[in-house]
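# Breakdown of the fold
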Amino acid sequence: MTTIAVIGPGAIGGTVAAWLAQKPDFSLVLCARTPLDDLRVETPEGVITAQPEVLTDPAKARVVDWVLVATKTYDVESTRPWLERLVGADTRVAIIQNGVEHVQLFAHLVPEERLVPVMINLPAVRSAPGRIEQRGHGIIAVPAGRNGDELVALFGHTEIEAAAHADFLSQAWIKLTSNCGAIVPALTLRAPGPVWSADMEAIVRGLAEECAAVGRAEGAEIPQSVVEATVANARNSREGSIAGSIHADRLAGHQMEVDARNGVIVRLGETHGIATPMNRVLVTLLAGAGSPWVSR
C-alpha cells in the first residue's frame, strides 16, 4: 500500500488527489484547512469521486511515502507543521506550485534530495470544498531520475499525463513564459483580446521577451515560438475569459502569486544584469492596485 498525503486540496490538489484515489492500493489523506466529506471532480472523462481521509489538525498526521504540496507559493510556511508530521526518513515531497523556485522555497523544510519540483498544467476550478471542475487535459513534468520517475508512475492510471524530463528547467521556464502575460488582465480585470492594439501587443510581448531572456540566462532553452504563442493567446482571448489563476484570484479578491509569476522575473533579471522594465512596471502597478492581495 502506497501512502500519499496532499497538502492543499484546492482546485489542483483536489483534482490530483481524486485521480490518485482511483487506484485501490493507494491510501490518500487530505491535509486541509476546511473540513470536507468527499471529493467530486467533473473531468473530461466523466465524474470521479473519492472519500479519502481528511485531516485539519497536523497533530493527527502520520508519516507517509509521498507528500504532494499543492498550496500557493505564499503559503510555504503554513505547510511546516504538516511536513514535520508527514515526512519520515524515506518520504519524498512533490512541490506542485507555480513559478520556477520550487526547491528553493522548501529546502529549509525538507532535504533537497527528497524534493521533487512539479510543473503542472491542469485547468481546474473549485466551486466549493471538494467540488471541482477539471476543464481540460492535465500535464505534469518533473525532473528525470529516481524520484521523478517514481512520481510519474503514481499517475500511470490517471487522465493526467506525467513525464520525467532531463531538462526540467526548460519545462518550468517555458510555462512561466507562457503564463507571465496573465498579469495584464489581472490589472485591467478584463481579457486583452477585445481591447487589442499595437500598444497592448507591445506590453504582452515585452513581458514574455523579458521572461524568456531571464530564463535563458538561468540555463533554460525557450524557443521564440513560446513568446509568439503567449502573444497570440492574449490577442485571441475572449471577453469574459479568465487568464489563469492570478487573474481569477484578483477577481475573487484573493491574495495573488505576483512574486512567483512576475516578481521572480524581475529579481532574477537583476542577478543577471537583464533589464525587465515591463515586468517591473506591471508588478508595481498591481501592487498599487490591489496591495491587500499581493504576495511579495
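Residues numbered from 1 in each chain as written. Predicted model: local features only at pLDDT ≥ 70, side-chain atom pairs only at ≥ 80, totals over all residues. Heavy atoms only, no water.

## A look at the domain arrangement of the protein
We count it as follows: Note that domain bounds follow an automatic or database assignment of domains. For this analysis, residues touch if any pair of their heavy atoms sits within 4.5 Å. Accessible area, probed at 1.4 Å, shrinks when two parts are joined; the buried area is that loss added up over both. Only one rule defines a salt bridge in this text: a Lys or Arg side-chain nitrogen within 4 Å of an Asp or Glu carboxyl oxygen. We define a polar contact as two N or O atoms separated by no more than 3.5 Å, with the added condition that, inside protein, one atom must be a possible hydrogen donor and the other a possible acceptor, whereas residues neighbouring each other in sequence contribute only through side-chain atom pairs. Comment: elements are numbered from the N terminus, with helices defined as DSSP H or I runs of at least four residues and strands as E runs of at least two. In the scheme used here, Gly and all other residues not listed as nonpolar or charged are polar, with Ala, Val, Leu, Ile, Met, Phe, Trp, Tyr, Cys and Pro taken as nonpolar and Asp, Glu, Lys and Arg as charged.
Domain assignment breaks the protein into domain 1 (2-165) and domain 2 (170-289). Just the C-alpha atoms count here: the centres of domain 1 and domain 2 sit 26 Å apart. Between domain 1 and domain 2, the residue contacts involve twelve residues of the former and 14 residues of the latter. Buried area between domain 1 and domain 2, summed over both chains or domains, comes out near 1,200 Å², and the portion from carbon and sulfur atoms is 54%. By the criterion of area lost to domain 2, the three top residues of domain 1 are Tyr 74, Asn 98 and Val 100, representing 43% of everything that side buries. Scanning the region where domain 1 abuts domain 2 turns up three salt bridges. A salt bridge links Arg 267 to Glu 101; the nearest nitrogen and oxygen atoms lie 2.8 Å apart. Taken together, the connections running from domain 1 to domain 2 amount to seven residue pairs in polar contact (both at pLDDT 80 or more). With three residues, strand E8 (residues 115-121) is the single largest residue contributor to the side of domain 1 that touches domain 2. Of the residues that constitute the side of domain 1 that touches domain 2, the class distribution is five nonpolar, five polar and two charged.

## Focus: the sheet that holds strand E6 (residues 66-69)
Heads up, the rule is: When DSSP locates at least two bridges between a pair of strands, those strands are taken to pair. Every axis corresponds to a line fitted to the C-alpha atoms, with the helix fit spanning only the stretch in contact, and the corresponding angles, defined between N-to-C directions, vary from 0 to 180 degrees.
Read from one edge of the open sheet, eight strands run E5-E2-E1-E6-E7-E8-E11-E12, paired in mixed fashion. Of all the strands in the sheet, just strand E5 (53-55) and strand E12 (161-165) have a single pairing partner and so form its edges. The mean inter-strand angle of the sheet, taken between neighbouring strand axes irrespective of direction, is 25 degrees. Judged from the five bridges that link them, strand E11 (residues 139-143) and E12 form a sheet pairing that is parallel. By the bridge assignment, Ala 141 is partnered in E12 with Ala 163. Along the sheet face, helix H1 (residues 11-20) touches strand E1 (2-7), strand E2 (26-31), E6, strand E7 (92-96) and E8 and points at about 160 degrees away from the line of E2.

## Quick word on the confidence of the model for the protein
As a reminder, the rule being used: Per residue, pLDDT captures the predictor's confidence, and it can take any value from 0 to 100.
Averaged over all residues, the pLDDT of the protein is 94; the fraction at 70 or higher stands at 98%. Below a pLDDT of 50 lies the segment residues 291-296, which in the model reaches 19 contacts outside its immediate sequence neighbourhood of four places, other chains included.

## Side note on the packing of helix H7 (residues 198-218) against helix H10 (residues 258-272)
Note the cut-off: Every angle not falling under 35 degrees, over 145, or within 65 to 115 is termed oblique; those three ranges are roughly parallel, roughly antiparallel and roughly perpendicular. Should the near helix be turned anticlockwise from the far one by less than a right angle, the crossing is termed left-handed; should it be turned clockwise, right-handed.
The N-to-C vectors of H7 and H10 enclose an angle of 50 degrees; their axes lie 9 Å apart at closest approach. With respect to each other, H7 and H10 are oriented oblique. Of the two possible hands of crossing, H7 and H10 adopt the one that is left-handed. Between H7, through Leu 207, Glu 210, Cys 211, Val 214, Ala 217 and Glu 218, and H10, the contact on the second element is made entirely by Asn 262, Ile 265, Leu 268, Gly 269 and His 272.

## Describing the UniProt feature "domain: Ketopantoate reductase N-terminal" (unreviewed entry) in the protein
Condition: UniProt positions are given in the numbering used here, feature names are shortened, and annotations may be inferred rather than shown by experiment.
Here, UniProt's "domain: Ketopantoate reductase N-terminal" (unreviewed entry) annotation points to residues 4-144. Structurally, residues 4-144 is divided into 16% helix and 38% strand, and its ends, taken at the C-alpha atoms, are 21 Å apart.

## Some words on empty space enclosed by the protein
The following threshold applies: Using only the protein atoms, space was sampled on a 1 Å grid; points where a 1.4 Å probe fits but cannot get out form cavities, open sets with protein on both sides within 12 Å along at least five of seven lines form pockets, and lining residues are those with an atom within 4 Å of a point. Grid points are joined across faces, edges and corners, and a volume is the space filled by probe spheres set on the points.
All told, the structure shown has one cavity of 30 Å³ or more when counted by the stated rule. Considered as a void within the structure, the largest cavity measures approximately 70 Å³ in volume. For the largest cavity, the full set of lining residues is Gln 97, Asn 98, Gly 99, His 102, Met 119, Ile 120, Ala 172, Lys 175, Leu 176, Asn 179 and Arg 261. If you list the elements that add at least two residues to the lining of the largest cavity, you get E8 and helix H5 (168-179). Ranked by residues supplied to the lining of the largest cavity, first place goes to H5 with four residues. Residue composition of the lining of the largest cavity, by class: four nonpolar, five polar and two charged. Counting contributing residues, the lining of the largest cavity receives three or more from each of domain 1 (2-165) and domain 2 (170-289).

## Observations concerning the UniProt feature "domain: Ketopantoate reductase C-terminal" (unreviewed entry) in the protein
Residues annotated in UniProt with the feature "domain: Ketopantoate reductase C-terminal" (unreviewed entry) correspond here to residues 167-287. Helix makes up 70% of residues 167-287 and strand 0%, with an end-to-end C-alpha separation of 33 Å.

## What to know about the pairing of strand E10 (residues 131-134)
The condition that has to hold: For each residue, the accessible area found with a 1.4 Å probe, counting protein chains only, is set against the maximum for its type, and the residue is called buried under 20%, exposed over 50%, and partly exposed in between.
The alternating pattern of E10 places Ile 132 and Gln 134 on a buried face and Arg 131 and Glu 133 on a face that is not buried. Relative to E10, strand E9 (residues 124-128) runs antiparallel, the two being bridged by four bridges. Its bridge partner being in E10, Ala 128 is matched across the sheet by Arg 131. Where E9 folds back onto E10 in an antiparallel hairpin, the turn is made up of two residues, including Gly 130, whose phi is positive at roughly 80 degrees.

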